[in-house]
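Here is how the chains run, residue by residue.
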Amino acid sequence: MVGAGIAGIFMLHRLRQLGIPATVLEKGAGVGGTWFWNRYPGAQCDVPSMQYSYSFDEGLQQEWEWSQHHARQPEIETYLNQVVDRFQLRDGIRLNTTVERMTWQGEEGHWLVETDDGAQFRAGQCVMATGGYHTWVVPDIRGLGRFGGELLYTNHWPLEPVLFGGKRIGIIGTGSSGVQTATALAKEPIESLHVFQRSPSYVVPSRDRTLDAEYVRDYKATYAERRARARRTGYGTDVVPIPVGEGTTAEVSDEEFLRRAAIAWDLGGGAMGTVFPDFLVDAAANRRVTEFLRGKIREIVRDPVVAERLSARDHFLGAKRIVIVDGYFEIYNQPNVHLVDVRESPIKEITETAVRTSDTEYPLDMLIMATGFDSATGAMLAIDVVGEGGRTLRESWAGGHQTFLGIGVPGFPNMYMINAAGSPGIRSHMMVQAEHHVEWISDLILHQREHDIASVQPSEAAATQWMEHLLEVAATTLLTVDDTQYLGSNVPGKPRLVTSYLGGVGRYRDICDRVAASGYPGWILQRRDGSAVAPSREWEGPVAAVPERVANVI
Ligand code: NAP
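Residues numbered from 1 in each chain as written. Predicted model: local features only at pLDDT ≥ 70, side-chain atom pairs only at ≥ 80, totals over all residues. Heavy atoms only, no water.

What to know about the site of the ligand
Alright, step 1. As a structural note, the neighbourhood of the ligand is formed by 24 residues, with Gln44, Ser177, Arg198, Ser199 and Arg321 the closest of them.
Alright, step 2. At 2.4 Å, a side-chain N or O of Ser199 approaches an oxygen atom of the ligand.
Alright, step 3. In the complex, the protein chains occlude 85% of the 900 Å² of accessible area that the ligand would expose alone.
Alright, step 4. Per-element tally for the shell around the ligand: the top contributor is helix 5 (residues 176-185), with 3 residues. (Near = heavy atom within 4 Å. Polar contact = N/O pair within 3.5 Å; in protein donor to acceptor, adjacent residues only side chain to side chain. Areas by Shrake-Rupley, 256 points an atom, 1.4 Å probe, with all protein chains shown as cover. Helix = DSSP H or I, 4+ residues; strand = E, 2+ residues; numbered from the N terminus.)

Listed below in structure tokens is the structure:
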């Protein structure tokens with residue numbers, strides 16, 4: 001198994017429960033995946049903590065106490081570590097181990113896995129829990145390597161404490177990581193903070209708070225039904241319906257629209273999507289909501305020029321991840337916080353001491369890069385995966401990722417991916433989706449063992465059909481219009497292809513369950529002698545299998 005983040009930890013536990021021996025190879029010096037690497041100041045989860053936790057063990061979910069409505073990175077890292085200890089998983093995880101190459105050895109029917117320290121492992125199956133956000137994007141800015149001050153990256157923040165007091169700090173990037181970092185650093189006794197913004201993000205308050213004991217008690221008493229409900233939704237979160245009345249977002253009166261918008265703004269977090277469920281499929285609805293959000297910025301930020309620069313207009317709301325954090329726009333009212341619009345004044349170079357734009361030089365003691373990831377496919381392609389006939393995954397995906405259900409790739413037997421491209425993955429509540437994948441994949445591995453099946457891989461036809469379906473569903477949303485990381489547009493040369501299945505976590509689960517219940521149609525199951533194990537029912541395609549159409553893609 002590769003990766004000891006949320007998915008890898010549970011996968012190890014689940015396999016051990018089933019009596020299947022497994023080892024996890026993890027690049028980091030600690031467990032936690034995303035929550036190990038992204039330890040930048042202000043790092044916080046945008047899914048409420050009562051939901052951002054494992055559901056697989058009743059004792060665990062009842063006993064663990066979250067302190068905040070939205071958990072901070074240190075608390076999540078602690079949580080994941082105590083899960084590892086609680087279920088005695090640490091001895092199954094080999095840290096500081098980067099998988100460099102995986103080669104399918106058809107004759108022997110196993111993968112040869114080679115790591116950066118020269119070790120080799122043989123594995124009947126490889127489960128890739130490599131994460132949607134691991135491979136870092138380092139922009140090609142002239143002189144970046146020359147910077148003589150402290151150069152830090154939000155996506156692999158140092159383990160040692162970082163001191164900010166009295167420093168002149170710059171941040172490049174204003175996605176969730178940059179916005180959260182800037183908001184946190186503005187509270188530190190720094191001399192100055194310059195935020196270098198290329199594209200403004202839509203930012204809504206999280207309305208964070210200490211968790212109230214009564215709320216927690218009630219939540220825990222109803223955990224089972226809440227978890228079950230979450231698994232049926234589009235995104236995978238337990239959406240508490242907010243009754244706003246009849247009428248679509250675009251058609252209701254101004255007065256009614258503002259009444260709804262105020263509810264969403266005051267509730268914060270994901271409420272914008274609950275109150276306006278059509279904003280990702282209706283451009284007029286989307287424009288109406290974004291105009292409201294720009295109005296909020298004008299109310300908060302005193303300088304109208306800065307307010308305008310902070311106002312996103314270049315993409316649909318939700319096309320990039322909506323940033324959820326309290327107090328971001330407010331920092332621009334501080335005299336020591338400055339917004340630099342690098343669309344107006346592009347960054348020309350980074351010198352030993354400063355960021356130099358087309359019109360100004362900004363001397364800095366510390367430069368923080370919050371420039372994102374090669375998401376969804378990056379971590380898989382970072383490994384030299386060599387499948388049947390010597391064909392590599394990089395070759396197979398040269399024109400874009402090609403998977404069946406986002407779990408398997410034709411030509412790569414016994415390799416199963418969690419939260420990868422082609423599944424709801426990075427456009428879902430990844431913990432819920434990880435649990436589903438872990439259960440589905442471990443059931444398949446068990447099926448292999450019980451039926452003496454030596455190799456499993458999806459058929460080309462099933463993968464082709466799945467990709468067609470993925471594109472068809474995506475086309476019913478506004479998510480394919482703008483160039484975003486969800487289409488790979490932030491990585492030079494990456495094929496423009498929607499990464500996630502947008503039909504909803506609930507519907508996706510139904511399709512996968514149907515496949516499993518039918519003896520895995522769409523997959524080629526072979527015994528060691530080469531004979532095929534036929535499914536009980538032929539693969540009829542995702543639409544025929546589960547006709548209900550879900551358009552909740554928030
Ligand atoms: P991101 O959303 O991809 O943002 C990267 C930022 O860097 C963008 O503002 C981008 O501008 C900017 N950038 C890239 N190259 C640049 C250059 N050469 N010059 C200037 N600016 C440049 O990355 P992220 O913030 O790390 O977030 C990654 C994903 O993780 C997102 O989906 C995010 O929501 C998620 N995340 C979630 C949480 C949470 O749950 N709370 C926290 C952190 C991250 P452009 O937009 O113009 O390309």
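Additional details are given in the paragraphs that follow.
Examining the packing of aromatic side chains
Alright, step 1. Evaluated as defined, the whole model comprises 30 aromatic pairs.
Alright, step 2. The interplanar angle of 50 degrees and the centroid separation of 6.1 Å between the aromatic rings of Phe10 and Tyr54 together place this pair among those described as tilted. Of this pair, Phe10 sits in helix 1 (residues 6-17) while Tyr54 sits in the loop between helix 2 (34-37) and helix 3 (58-63), and the two are 44 residues apart along the sequence. Both residues of the pair, Phe10 and Tyr54, belong to the buried class.
Alright, step 3. The ring of Phe36 carries Arg39 above its face, with NZ or CZ at 5.0 Å from the centroid.
Alright, step 4. One cation-aromatic arrangement involves Arg226 over Tyr219; the distance from NZ or CZ to the ring centre is 3.9 Å. (Phe/Tyr/Trp six-rings, centres within 6.5 Å; stacked < 30°, edge-to-face > 60°. Buried < 20%, exposed > 50% of the residue type's maximum accessible area, 1.4 Å probe, protein only. Lys NZ or Arg CZ within 6 Å of the ring centre and 35° of its normal.)

Describing the sheet that holds strand 15 (residues 361-363)
Alright, step 1. Pairing is antiparallel in the open sheet, where 3 strands are placed in the order 13-14-15. The sheet is open, and its two edges are formed by strand 13 (347-350) and strand 15, each paired on a single side. If you compare each strand with its neighbour and ignore which way they point, the axes differ by 20 degrees on average.
Alright, step 2. Both strand 13 and strand 14 (residues 354-357) contribute to a ladder of 3 bridges, which runs antiparallel. Bridge pairing links Ile347 to Thr357 in strand 14. (Pairing = 2+ DSSP bridges. Axes fitted to C-alpha atoms, helices over the stretch in contact; angles between N-to-C directions.)

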